[in-house]
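Secondary and tertiary structure notes
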Amino acid sequence: MDIHRTFGDVVFWEDGRLRHAGRIDMTRTALEGFGKILLASDEVVVEATANSMAVSRVLAPFVARVIIANPLQVKAIAQAHVKTDKIDAGTLASLQAAGYLPQIWTPETERQRRMVARRYQVVRHRTRLKNEVHSILHAHLIPKCPHADLFNGRGRAWLAAQPLPDDERAAIDRHVRELDRVAEDLALLDREIAQDAIDDSAVNRLMTITGVNLAVAAGIMAAIGDISRFNSPQKLVSYFGLNPRVRQSGLGAAHHDRISKVGRSHARAMLVEAAWAAAKAAGPLHAFFVRIRARRGHQIAAVAVARKLTVLCWHLLTKHEDYLWARPALVANKTRAMQLQAGHPQQKGNRRGPAYAYNSKALRDREMVIAARAERNYEQFVSQWKARRPSSLLKNPLATEGA
């Protein structure tokens, strides 16, 4: 089936021949009627689109299985100069019959993926609103707000006192009201995500990594699903699109380009966000960031840390271990924040709670000393590395002579 928003084109593959069966509407009633004419031994193939999961759920009870094909790899295999819905549906059927159809993994974490994607969109909308307010202030030569946050109580009081034209003042008031509404939506989404993740051992394990909070850990796990799908950390890096493109032909050296950005874009953005947070805290990840930044700059260093975090996530999830350089007070604070976010009651009184250590500066400083020691150990370790010539030069004598 080559499916669109409102209809799908159907082609049957029978005894080595293709038979066009016409179009069906993309409604539950029409799909159920179509499913009733199929055999229990049939297989249905569709491309991954926005509504392919819904089509799969409706047709799955009527057939042996529903296969969702990877559209990028299908296009790489079957390039046609004549392209119609009928031809596309026939291509899917022929590739499946020949055993060459590249299919995608059907996620068991579909609900979690929708939740974290919606949260990401809400956060982006909130950022756009804040940027619009800042641009209005910049356009009227108003200096930077002296308070840490322009949109907290003190910041808003300062904002209200600034001299602005009436239309600009009305625009800022609209943006501030919209920010309050978006904050309510974000709080509801955060509560649902926390309630789903509070008993998830994998999410709690990823939160032991410095820079990874609940939103990032939940987003990563929603994208990964089952870690056993990836037999190496490089597979997971490639799944998130954090691997560099490589171009090599003949005896020439391999050229590494920018990252591929093929795969889960939302999870990749969350990992880069976590990389910036990890780069600011003492520890081996900060030393790694500084080392790459000295040679390649801030942006490339942040992406390199995101790739390092991906490899680290694979090892933690595969070996069922927590991060070696986790800061217990910080992890306890993250866990308690997740519990409160999920709606757990506050525990007020004289008894110290699990996150007490994070509120004690002496205990926090003690953990920071340990993290700083780990950072120095990493720096001493990499200082002993020696640059090697590319292996392609060693294998290619002509390239060696030219050098």
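Everything below is about the structure shown above.
Below is a summary of the structure that appears in this document. (Residues numbered from 1 in each chain as written. Predicted model: local features only at pLDDT ≥ 70, side-chain atom pairs only at ≥ 80, totals over all residues. Heavy atoms only, no water.)

**Quick look at the overall build of the chain**
- When you go through the chain residue by residue, the secondary structure sums to 18 helices and seven strands.
- By residue count, 39% of the 403 residues in the chain fall in the buried class.
- Here the analysis covers contacts within the chain between residues at least 6 apart in sequence; of these, 58% occur between residues at least 24 apart.
- Summed over all atoms, the accessible surface of the chain reaches about 24,300 Å², with 52% contributed by carbon and sulfur. (Helix = DSSP H or I, 4+ residues; strand = E, 2+ residues; numbered from the N terminus. Buried < 20%, exposed > 50% of the residue type's maximum accessible area, 1.4 Å probe, protein only. Contact = heavy atoms within 4.5 Å. Areas by Shrake-Rupley, 256 points an atom, 1.4 Å probe, with all protein chains shown as cover.)

**A word on the pairing of strand S3 (residues 17–25)**
- The sheet contact formed by strand S2 (residues 7–14) and S3 spans eight bridges and is antiparallel. Each bridged residue has a counterpart across the sheet, and for glutamate 14 the counterpart in S3 is arginine 17.
- The turn joining S2 and S3, which pair antiparallel and follow one another in sequence, is formed by two residues; a positive phi near 55° is taken by aspartate 15. (Pairing = 2+ DSSP bridges.)

**Looking at helix H1 (residues 28–36)**
- Of the positions making up H1, those classed as buried are Leu31, Phe34 and Gly35. Along the axis of H1, the buried positions cluster into a sector of 100°, meaning they face one direction only. Across H1 from its buried face, at more than 90 degrees, point the exposed residues Thr29 and Lys36. (Arc of directions from axis to C-beta.)

**What to know about the pattern of salt bridges**
- Using the criterion set out here, one finds 14 salt bridges in the structure.
- When the shortest N-O distance is used, the salt bridge between arginine 111 and glutamate 192 registers 3.3 Å. Placement of arginine 111 in helix H5 (residues 110–139) and of glutamate 192 in helix H7 (residues 166–197) is noted, with a sequence separation of 81 residues between them.
- In this structure arginine 111 comes out as partly exposed when scored by relative accessible area, which is 38%.
- Take glutamate 192: its relative accessible area is 31%, and that puts it in the partly exposed class. (Salt bridge = Lys/Arg side-chain N within 4 Å of Asp/Glu carboxyl O.)

**Section: the packing of helix H12 (residues 284–296) against helix H13 (residues 298–319)**
- At a minimum axis separation of 8 Å, H12 and H13 run at an interaxial angle of 140°. The element H12 and its partner H13 pack so that their crossing is right-handed. Taken together, the residues of H13 that come into contact with H12 (itself represented by Leu285, Phe288, Phe289, Ile292, Arg293 and Arg296) are His298, Ile300, Ala301, Ala302, Ala304, Val305, Lys308 and Leu309.
- By residue class, the composition of the contact of H12 with H13 is 10 nonpolar, one polar and three charged. (Axes fitted to C-alpha atoms, helices over the stretch in contact; angles between N-to-C directions. Left-handed = near helix turned anticlockwise from the far one by under 90°. Nonpolar A, V, L, I, M, F, W, Y, C, P; charged D, E, K, R; others polar.)

**Some points on the nonpolar core**
- One finds Leu206, Ile209, Ile220, Ile224, Phe240 and Leu309 to be the most contacted residues of the largest nonpolar core, which totals 52 residues.
- Within the residue set of this core, elements represented by two or more residues are H7, helix H8 (201–206), helix H9 (214–224), helix H10 (233–239), helix H11 (265–280), H12, H13 and helix H16 (361–383).
- Counting residues per element, this core draws most heavily on H13, at 11 residues.
- Residues in contact with phenylalanine 240, not counting those within four places in the same chain, are Ile220, Ala223, Ile224, Val262, Arg264, Ala267, Arg268, Leu271 and Thr310. (Core = buried A, V, L, I, M, F, W, Y, C linked by side-chain atoms within 4.5 Å.)

**Comments concerning the packing of aromatic side chains**
- The full count for this structure, using the stated rule, is five aromatic pairs.
- Seen from their ring centres, phenylalanine 12 and phenylalanine 34 are 6.4 Å apart, and the 50° between their planes marks the pair as tilted. A residue pair is termed long-range when its members are at least 10 positions apart, and phenylalanine 12 in strand S2 and phenylalanine 34 in helix H1 qualify at 22 residues.
- When its relative accessible area of 18% is taken as the criterion, phenylalanine 12 is described as buried.
- Here phenylalanine 34 falls in the buried class, since its relative accessible area comes to 7%.
- Look at phenylalanine 230 and tyrosine 239: their rings are 5.1 Å apart centre to centre, the planes differ by 55°, and that puts the pair in the tilted class. (Phe/Tyr/Trp six-rings, centres within 6.5 Å; stacked < 30°, edge-to-face > 60°.)

Taken by themselves, the reported measurements are silent on function.
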